[in-house]
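Coordinate analysis (summary)
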Amino acid sequence: MAGTPSTAPPITPDIVAEHGLSKDEHGLILDILGREPNLVELGIFSVMWSEHCSYKSSKKHLGKFPTEAPWVVCGPGENAGVVDIGEGHVAIFKMESHNHPSFIEPFQGAATGVGGILRDVFTMGARPVAMLNALRFGEPAHPKTRHLVSGVVAGIGGYGNCVGVPTVAGECTFDPAYNGNILVNAMCVGIARADRVFYAEASGVGNPVIYVGAKTGRDGIHGATMASAEFTEESEAKRPTVQVGDPFTEKLLIEACLELMEHDCIVAIQDMGAAGLTSSSFEMASRGGCGIEMNLSAVPLREEGMTPYEIMLSESQERMLLVLQQGREDEAHAIFEKWGLAFASVGRVTDTGRMVLLWNGETVADVPIAPVSGASPVYDRPHEKSPPRVPVFADDRLAVGDHDVSLLKLMGSPDLASKRWIYEQYDHMVMGDTVQRPGGDAAVIRVHGTNRGLAVTSDCTPRYCEADPREGGRQAVAEAWRNLVATGARPLAITNCLNFGNPERPRIMGQLVDCIEGMAEACRVLDFPVVSGNVSLYNETEGRAILPTPNVGGVGLIENLDHMVTIAPDAAGLSLVLVGDGGHWIGASLFWRVVCGRNNGAPPPVHLGQELRQGRFVSDMIQRGFVCACHDLSDGGLAVAAAEMALASGIGASIDIPADVFSTNGWLFGEDQGRYLLAVESRILNELLALAVSAGVIARRVGETGGDALTLGAGSCISLEDLRRCHEGWLPDYMGRRR
Amino acid sequence: MRAAVITFPGSNCDRDLAVAFERILSCRVERVWHRDRDLGDVDLIGVPGGFSYGDFLRCGAIAARSPIMADLLRKAEAGVPVLGICNGFQILTECGLLPGALIRNRGLSFVCRPAGLEVASDRSPFTSGYRRGERITLPVAHHDGNYVIDPDGLSRLEDEDRIAFRYLDNPNGSTADIAGVLNRRRNVLGLMPHPERAIEPALGGGDGKRMFEGFMEVAG
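These figures come from a predicted structure and were not determined experimentally.

It is worth spelling out the overall build of chain A at this point. When helices and strands are counted, chain A shows 25 helices and 28 strands. Against the compact-globule benchmark of 27 Å for 739 residues, chain A has a radius of gyration of 26 Å, which places it among compact chains. Taken over the C-alpha atoms alone, chain A extends approximately 90 × 50 × 45 Å along its principal axes. A total of 739 residues make up chain A; the buried ones form 65% of that total. Within chain A, contacts between residues at least 6 apart in sequence are counted, and of these 85% link residues at least 24 apart. Roughly 23,900 Å² of accessible area belongs to chain A as shown, and the carbon and sulfur atoms make up 50% of that amount. Distance from the positive charge centre (59 side chains) to the negative charge centre (90 side chains) of chain A: 2 Å.

Have a look at this one:
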């Protein structure tokens, strides 16, 4: 190369700091280049080495996750994880955060989060078939919360509805710890033919590098860097760095890419997500161990006067970068022209191992690829354990009033209240394969044209993770596994989105490390590997961190949909069977928080061996056709599970309280783990209980279905109508719009 | 029998409608691109739901001016049955085949849920499988399903028995609870609810299937 690429302003320490790079990182850049970078190059290092893109604080620990199983086709490292689902199909899925943009501009932030995760999935050749989202908002009384809920839900719906992918499941909970930093995690699941999975590995010297999709504008410049810093009051001023989504273009891009993929001319394909053209080109070249030369003058632009720096850092949405086989450009161009999308040949693959960027014939950047994308700094940040908490067991001396009052409080509490107001704003039925809609343990999507299904769920209990990060990590994985089992599915694998505060603080880093280790342990025991994921750190505002929130997205397979079960018992007179021991664990429970106003105590432990045994027993009973309905026990314990089953079916139930229980509160509301409530026909009850004994599983009859009320023991009886009003009423009332 | 389903840029229920036609009517379904100019020799035309042209300008307004629409208008006039669902209904009002217009839901939010309907007229190839006054359930999923029409237009629809379906619990603020209307010749039906999403018990009921079965009996 002829000397240093042209530099406009000299690089000062202030400019380095503005790019979020430390002094040491700047020194490393000087070593790599052997000279001072110019502004374009500095911008490239800044985004590629941002926490968001480089995982520099978490990388060391992410390796602890098990990532392999016979059915795993592709684990972490690609755009999304791939698992075999049989009959020549694979499921491709991933979860990702869009927290910071959603707090600043909830509609566009959430919408573009949906768009980004969709692209991660269809870029690998899958047709997206389901969307999920995990939402964590601040306390309902906080002045911003209502506005954020409204904007985020409208944004998710506005994007997902338009692209025509059903949004089928998710979570929405509230806690003051998210007042200044909400979480918006979106997950997408797609299905592809097993012999037609596409990867982002550039190869073939001379092959053209093609830009397709929307044109490039100035939106979202430095979004990845913003997502890698704590929030301050001034963050509001960063609204212009939030990207603007266009789901219409995304829909066209999905169809055009899937059509092109039928043509067998793609060498590599990668969406332009965080850090846009920079990360997509560097990642493709780095995976393929090659170089790329790009002519930025050929990039389709939406605005005049854009500089190479802006073009490389723009996070304009709905764009993809492809490497095509030489000579196939016309064929590909015709497809994108049909769909009305920009198509431009912007460069070619080289064997130099360098990224060379040209602008009006002049070299404006020339950097080696491997050190930028592979050798970003990895930090072993100091970490410190959270102080242990003591268990709290149920005790009937607690003055909490009658059980029916407690149950109504729980069912109408923000975390447990029906989220119908949200999911009715999402098209959850488009594509005609939603065989289990939102509101159950997991949603189920039929594999189009077959009688097989994918069960999908998103789970995490942040208050457990706060109380004991390792136990909370285990629980998040176990609950996802349990929710899939409860539909009759065989759990296959998970994706995750690890949301934490500032990793430079040892307590926060300790939460991250312990959550990861707890999750990894559960994944290993349950044979439920991690195939993709995302890390979102610096979720803090003015020094206040969020609760540790490692959201888990689980996918399971139902080989025969005739054996799928839901949470709704379809008849009266069925026996209700509790699988697992009676409840007594109250610490960190929802009962403790909502009814007793306390939040201390250790979370309920997850006994993974028992979890596996009980889950396998439930699966076996479902496969035998013994189970009419099944619900896992989670927040609010047995009483809430029974109430949700009754509301789902419109058939009441009575729950017995055995005379020998240590505490009736614990029996009804304890959140002991690994448990299920089954509705079974009375004629097979004894056989089922005998099978439980031989499987080494505790199971007992705890009640039956029937009537139009829920009865808890001898004293408490709530009509389904009251229960429903309380459960359905909270969110619409809160949002002030009963529809 | 041969059916056609038109795909506009942004259509997203085109596959669902084609599946319903294929499965219930056992017919061949041509997938027609909006830039084509000829629907071919067909016995049924489906205009599917979705967000044609991203709902830019007004829902359905740009699609209504697509090249394929000239042939659709010709065939509709010649009596070929045309079924427009959701965005398809919006397109049929925008191109003038059906009266009235669809504006933003009264609640201002997208609404996706099963909707109870009353069959208001059974005198059309699309409603002959039902009995007048019968109550059925079809899912709705729309942001702009609030049907508006001027008082004269409304009395004309009522006098000519052209209201096909009415909501039992109006989800969007539609005038006179109208969920679907027929043209004067009764061969064109536009409706907001999705019959193609209710063709099997696994998807929450079979009331939509009966629309296609009824059509088979009359047209097959």
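Back to the text.
Taken as a whole, this structure holds 0 disulfides over all chains when the rule is applied. With no disulfide partner, A:Cys188 has as its closest neighbouring cysteine sulfur the one in A:Cys257, 14 Å distant.

All names here are of chain A. Viewed as axis vectors pointing N to C, helix α7 (residues 106-122) and helix α10 (residues 247-261) meet at an angle of 5 degrees, and their least axial separation amounts to 11 Å. When the interaxial angle is binned, α7 and α10 end up roughly parallel. Between α7 and α10, the contacting residues are Gly 115, Leu 118, Arg 119 and Phe 122 on the first element and Glu 250, Leu 253, Ile 254, Cys 257 and Met 261 on the second. By residue class, the composition of the contact of α7 with α10 is 6 nonpolar, 1 polar and 2 charged.

Residues and elements named next belong to chain A. The strand order across the open sheet formed by 6 strands is β1-β2-β3-β6-β4-β5, and the pairing between neighbours is mixed. Pairing within the sheet leaves two strands with one partner each, and these edge strands are β1 (72-74) and β5 (167-174). Geometrically, the sheet is characterised by an average inter-axis angle of 20 degrees between neighbouring strands, direction not taken into account. As paired strands, strand β4 (residues 127-137) and β5 are joined by 7 bridges and run parallel to one another. In the strand pairing of β5, Ala 134 is matched with Glu 171. Seen against the sheet, helix α8 (residues 145-163) touches β4, β5 and β6 (183-193) and runs at an angle of roughly 175 degrees to β4.

Our focus in this paragraph is a nonpolar patch on the surface. All names here are of chain B. A surface patch of nonpolar side chains, amounting to about 310 Å² of accessible area, comprises Phe 56, Leu 57 and Ile 62. With respect to the helices and strands, the residue Phe 56 is situated in the loop between β3 (44-47) and α2 (68-77). Residue class for Phe 56 comes out partly exposed when judged on its relative accessible area of 43%.

Let's shift gears to the interface of chain B and chain A. With 28 residues of chain B in contact, the opposing surface of chain A contributes 29 residues. Both sides together, the interface formed by chain B and chain A hides about 2,400 Å², and carbon and sulfur atoms give 56% of it. The interface formed by chain B and chain A holds 4 salt bridges in total. Put simply, B:Arg197 and A:Asp427 hold a salt bridge, and the shortest N to O gap is 2.9 Å. Counting across the chain B and chain A interface gives 11 residue pairs in polar contact (both at pLDDT 80 or more). Of all elements in the fold, only α1 (14-25), β6 (111-119) and β7 (135-142) of chain B reach the threshold of two or more residues within the side of chain B that touches chain A. Here the side of chain B that touches chain A gets 4 residues from one element, more than from any other, and that element is β6(B).

Helix length check: α8(A), at 19 residues, gives a terminal C-alpha distance of 27 Å against a target of 27 Å (1.5 Å per residue), a fit within 8%. The buried fraction of α8(A) is high, at 14 of 19 residues.

Moving on to the nonpolar core. Within the largest apolar cluster, 136 residues are counted, with the highest numbers of intra-cluster contacts made by A:Ile92, B:Phe21, B:Leu72 and B:Phe165. With 9 residues, α10(A) is the largest single contributor of residues to this core. Contact partners of B:Phe21, with chain neighbours within four places excluded, come to B:Ala3, B:Ala4, B:Val5, B:Ser26, B:Cys27, B:Val29, B:Leu44, B:Gly46, B:Leu83 and B:Phe212.

Here we take up the sheet that holds strand β26 (residues 699-705) of chain A. Residue and element names in this part refer to chain A. Within the open sheet, the 7 strands sit side by side as β23-β25-β22-β26-β24-β27-β28. Their pairing is mixed. Only two strands of the sheet have a single partner each, and these edge strands are β23 (627-632) and β28 (716-719). Neighbour-to-neighbour, the strand axes of the sheet open up by a mean angle of 25 degrees, direction not taken into account. Where helix α15 (residues 403-411) meets the sheet, its contacts fall on β27 (709-712) and β28, and the angle it forms with β28 comes to roughly 40 degrees. In the packing of helix α25 (residues 720-735) onto the sheet, contacts are made with β27 and β28, and the angle to β28 comes to roughly 70 degrees.

Attention now moves to the pattern of salt bridges. Tallied over the entire structure, the rule returns 66 salt bridges over all chains. With its nearest N and O atoms 2.4 Å apart, the salt bridge here joins A:Arg474 to A:Glu521. Taken as a pair, A:Arg474 in helix α18 (residues 469-485) and A:Glu521 in helix α19 (residues 506-526) lie far apart in primary sequence, 47 residues in all. Here B:Arg31 ties to B:Asp14 by a salt bridge, and the two come within 3.4 Å at their closest N and O atoms. With a gap of 17 residues between them, B:Arg31 in strand β2 (residues 28-33) and B:Asp14 in helix α1 connect regions that are remote in the sequence. Residue classification places B:Arg31 among the partly exposed residues on the basis of a relative accessible area of 44%. Via salt bridges that share partners, A:Lys64, A:Lys385, A:Arg470, A:Asp514 and A:Glu517 belong to a single interconnected network.

Okay, α10(A) next. In this model, α10(A) (15 residues) spans 21 Å end to end at C-alpha, consistent with the 21 Å of a helix rising 1.5 Å per residue. Counting buried positions along α10(A) gives 14 out of 15 residues, so the element sits mostly inside the fold.

Residue and element names in this part refer to chain A. Looking at the element boundaries, Glu 728 is found in helix α25. Within the structure, the side chain of Glu 728 is placed 3.1 Å from the side chain of Arg 420, a separation counted as a polar contact. Not counting residues within four places of it along the chain, the set of residues in contact with Glu 728 comprises Ser 418 and Arg 420.

This part covers the packing of aromatic side chains. Under the defined criterion, the tally for this structure stands at 15 aromatic pairs over all chains. Centroid distance A:Phe174 to A:Trp730: 5.5 Å. Interplanar angle 75 degrees. Geometry classified as edge-to-face. Of this pair, A:Phe174 sits in strand β5 while A:Trp730 sits in helix α25, and the two are 556 residues apart along the sequence. There is no split in this pair, since A:Phe174 and A:Trp730 are both buried. Seen in terms of ring centroids, B:Phe126 and B:Phe215 are 5.3 Å apart; in terms of plane orientation they differ by 15 degrees. Their pairing is stacked. On the criterion of sequence distance, the pair formed by B:Phe126 in the loop between β6 and β7 and B:Phe215 in helix α5 (residues 207-219) is long-range, its members being 89 residues apart. According to the relative accessible area criterion, B:Phe126 is buried, its value standing at 2%. Linked through ring pairs, A:Phe137, A:Phe174, A:Trp730 and A:Tyr734 together constitute an aromatic cluster. For A:Lys338, the ring lying beneath its charged end belongs to B:Trp33, and the centroid distance is 4.9 Å. One cation-aromatic arrangement involves A:Arg490 over A:Trp71; the distance from NZ or CZ to the ring centre is 5.6 Å.

Rules and cut-offs
- Residues numbered from 1 in each chain as written.
- Chains lettered and ligands numbered in written order.
- Predicted model: local features only at pLDDT ≥ 70, side-chain atom pairs only at ≥ 80, totals over all residues.
- Heavy atoms only, no water.
- Helix = DSSP H or I, 4+ residues; strand = E, 2+ residues; numbered from the N terminus.
- Rg over C-alpha atoms; globule rule 2.2 N^0.38 Å.
- Buried < 20%, exposed > 50% of the residue type's maximum accessible area, 1.4 Å probe, protein only.
- Contact = heavy atoms within 4.5 Å.
- Areas by Shrake-Rupley, 256 points an atom, 1.4 Å probe, with all protein chains shown as cover.
- Lys, Arg positive; Asp, Glu negative; His and termini not counted.
- Charge placed at Lys NZ, Arg CZ, Asp CG, Glu CD.
- Disulfide = S-S within 2.5 Å.
- Axes fitted to C-alpha atoms, helices over the stretch in contact; angles between N-to-C directions.
- Parallel < 35°, antiparallel > 145°, perpendicular 65-115°, else oblique.
- Nonpolar A, V, L, I, M, F, W, Y, C, P; charged D, E, K, R; others polar.
- Pairing = 2+ DSSP bridges.
- Patch = residues over 30% accessible without salt bridge, like charges linked within 9 Å, V, L, I, M, F, W, Y side chains within 5 Å.
- Salt bridge = Lys/Arg side-chain N within 4 Å of Asp/Glu carboxyl O.
- Buried area = accessible area lost by both parts, 1.4 Å probe.
- Polar contact = N/O pair within 3.5 Å; in protein donor to acceptor, adjacent residues only side chain to side chain.
- Expected span 1.5 Å × (residues − 1).
- Core = buried A, V, L, I, M, F, W, Y, C linked by side-chain atoms within 4.5 Å.
- Phe/Tyr/Trp six-rings, centres within 6.5 Å; stacked < 30°, edge-to-face > 60°.
- Lys NZ or Arg CZ within 6 Å of the ring centre and 35° of its normal.

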